[in-house]
Amino acid sequence: MATAASYVVSPSAMGPVAVDPSRERDRLSASYLIALGARVVREVADLVRRATEAGKRLATLAVDTEVRFRSPTDRAAFSLELTEAITKLVSKYTMNPLRRPRASPVVVAHPLPRYPIPRSHHEREERSLRTPVHPG
């Protein structure tokens, strides 16, 4: 009988849908988003394990928010502006690509389901940052 409060499923269990993001050409596809998510799970799980073994904390950042668009045109404009803002920030803070510490910002967006997804009673409701963004 399983007794852990939570589990991490290996991305490899997803089979062909969990493609390698470096091999996916369509960066707007759902399979690319899944591949990025799988990579994050793989990398962070390894970093957590190594930090725990070393008795250290792992510094991470997560931003989770919701945007309600007026139109597909607004959604496209938001995507463009977000990409430009992230590109500008990355350029500003990447002074020497060989220096450490390094970080891998991953920003994803997907439609929200129209129904609530049931949460496990063991799942934490804490979020690093939750800022609702609604058009004025």
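Definitions and limits used
- Residues numbered from 1 in each chain as written.
- Predicted model: local features only at pLDDT ≥ 70, side-chain atom pairs only at ≥ 80, totals over all residues.
- Heavy atoms only, no water.
- Helix = DSSP H or I, 4+ residues; strand = E, 2+ residues; numbered from the N terminus.
- Contact = heavy atoms within 4.5 Å.
- Areas by Shrake-Rupley, 256 points an atom, 1.4 Å probe, with all protein chains shown as cover.
- pLDDT = per-residue confidence, 0-100.
- Salt bridge = Lys/Arg side-chain N within 4 Å of Asp/Glu carboxyl O.
- Expected span 1.5 Å × (residues − 1).
- Patch = residues over 30% accessible without salt bridge, like charges linked within 9 Å, V, L, I, M, F, W, Y side chains within 5 Å.

A.B. asks: Explanation requested: the overall build of the protein in the structure shown.
C.D. replies: Counting its regular elements, the protein contains two helices and zero strands. Long-range contacts, defined as pairs at least 24 residues apart, comprise 59% of the intrachain contacts of the protein with a sequence gap of at least 6. Surface exposure of the protein reaches about 12,400 Å², of which carbon and sulfur atoms provide 58%.

A.B. asks: Just to check I follow, could you spell out the confidence of the model for the protein for this structure?
C.D. replies: Should the pLDDT be low somewhere, the predicted coordinates at that spot are not to be read in detail. Of all residues in the protein, 65% have pLDDT values of 70 or greater, and the mean over the chain is 77. Segment residues 121–131: pLDDT under 50, and 14 contacts once partners within four positions in sequence are set aside and those in other chains are kept.

A.B. asks: Looking at this structure, I do not really get the pattern of salt bridges. What am I missing?
C.D. replies: Two side chains of opposite charge can pair, provided their charged atoms sit close to one another. Per the stated rule, a full pass over the model turns up six salt bridges. The closest approach of N and O atoms between Glu53 and Arg49, which form a salt bridge, is 3.1 Å. Taken as a pair, Glu53 and Arg49 lie in helix α1 (residues 30–54) at a separation of four residues, close to a single helical turn. Here the residues in one salt-bridge network are Asp46, Arg49, Arg50 and Glu53, joined through shared partners.

A.B. asks: Got a minute to help me understand the environment of Phe78 in this structure?
C.D. replies: Among the structural elements, Phe78 can be located in helix α2 (residues 72–93). On a C-alpha basis, the gap between Phe78 and Val67 in space is 9.5 Å, while along the polypeptide they are 11 residues apart. With residues up to four places along the chain from it excluded, the contact list for Phe78 reads Val67 and Phe69.

A.B. asks: What's the story with α1 in this structure? I'm lost.
C.D. replies: Residues lying three or four places apart along an α-helix face the same way, a consequence of the helix completing one turn every 3.6 residues. The end-to-end C-alpha separation of α1 is 36 Å, in line with the 36 Å expected for 25 residues at 1.5 Å each. Just downstream of α1, Gly55 is the residue with a positive phi angle, here 70°.

A.B. asks: How do you make sense of a nonpolar patch on the surface when you look at a structure like this?
C.D. replies: A surface patch of nonpolar side chains, amounting to about 450 Å² of accessible area, comprises Val40, Val44, Leu47, Val48, Leu58, Val106 and Val108. Considering the arrangement of structural elements, one finds Val106 in the segment after α2.

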